[in-house]
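Commentary on secondary and tertiary structure
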Amino acid sequence: MYNYTLKHLKELEAESVFMLREVFAQFDKPVILFSGGKDSLVVAHLVRKAFYPARIPFTFLHIDTGHNFPETMAFRDRLVEKFGVKLLVGSVQQSINDGRVKEESGIN
């Protein structure tokens, strides 16, 4: 079994920070997918750490499924304001209404 230590976690964090910086350096308009869940929060923390004390150069993208708790949306908005990042919100329902997405009907 592996022996995970703080040193191991620091190495993973450093590797993640490096990758986020590389993405920013190599792409024109990268975004961070942000749902407000635990994984998104970890990535938000890492990207903040990667560019601190400068402003986060990524836009955060939230895909609104219509199934979020109001508290999640309020937390998302507070975090975006605190971090000073741009937030884009895509709506699944709006995409369905506009005909860009169709519900699966199974095998025809």
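For the structure, see preceding data.
Please read these numbers as outputs of a predicted model, since none were measured by experiment.

What about the overall build of the protein?
Scanning the protein from terminus to terminus reveals four helices and three strands. Relative to the 2.2 N^0.38 estimate, which gives 13 Å for 108 residues, the radius of gyration of the protein is 17 Å and therefore markedly larger than a compact globule would have. A principal-axis box enclosing the C-alpha atoms of the protein has dimensions of 50 × 40 × 35 Å. Per-residue burial for the protein yields a buried fraction of 22% across its 108 residues.

Brief notes about unusual backbone geometry
Omega for the peptide link from Tyr52 to Pro53 comes to 10°, which places this bond in the cis form. Structurally, Pro53 is set in the loop between α2 (38–51) and β2 (59–64).

Describing the packing of α2 against helix α3 (residues 70–83)
Where α2 meets α3, the axes come as close as 12 Å, and the angle between the chain directions of the two elements is 5°. When the axes of α2 and α3 are compared, the pair comes out roughly parallel. Contacts from Leu41, Ala44 and Arg48 of α2 reach α3 at Phe75, Leu79, Lys82 and Phe83. Residues of the contact of α2 with α3, tallied by class, amount to five nonpolar, no polar and two charged.

Concerning the pattern of salt bridges
For the structure on display, the rule yields four salt bridges. A salt bridge links Glu11 to Lys7, with the nearest nitrogen and oxygen atoms 2.7 Å apart. Of this pair, Glu11 and Lys7 both sit in helix α1 (residues 6–26), separated by four residues, roughly a single helical turn. Under the relative-accessibility criterion, Glu11 is labelled partly exposed at 43%.

Concerning the sheet that holds β2
Ordered in space as β1-β2-β3, the three strands form an open sheet in which the pairing is parallel. Across the chains shown, the open sheet's two edge strands, defined by having one partner strand only, are β1 (31–33) and β3 (87–91). Averaged over all adjacent pairs, the angle separating strand axes in this sheet is 30°, with direction ignored. Here five bridges tie β2 to β3, and the two strands are oriented parallel to one another. The residue bridging Asp64 from the neighbouring strand is Ser91, located in β3.

Cut-offs applied
- Residues numbered from 1 in each chain as written.
- Predicted model: local features only at pLDDT ≥ 70, side-chain atom pairs only at ≥ 80, totals over all residues.
- Heavy atoms only, no water.
- Helix = DSSP H or I, 4+ residues; strand = E, 2+ residues; numbered from the N terminus.
- Rg over C-alpha atoms; globule rule 2.2 N^0.38 Å.
- Buried < 20%, exposed > 50% of the residue type's maximum accessible area, 1.4 Å probe, protein only.
- Axes fitted to C-alpha atoms, helices over the stretch in contact; angles between N-to-C directions.
- Parallel < 35°, antiparallel > 145°, perpendicular 65-115°, else oblique.
- Contact = heavy atoms within 4.5 Å.
- Nonpolar A, V, L, I, M, F, W, Y, C, P; charged D, E, K, R; others polar.
- Salt bridge = Lys/Arg side-chain N within 4 Å of Asp/Glu carboxyl O.
- Pairing = 2+ DSSP bridges.

Structural measurements only, silent on function.
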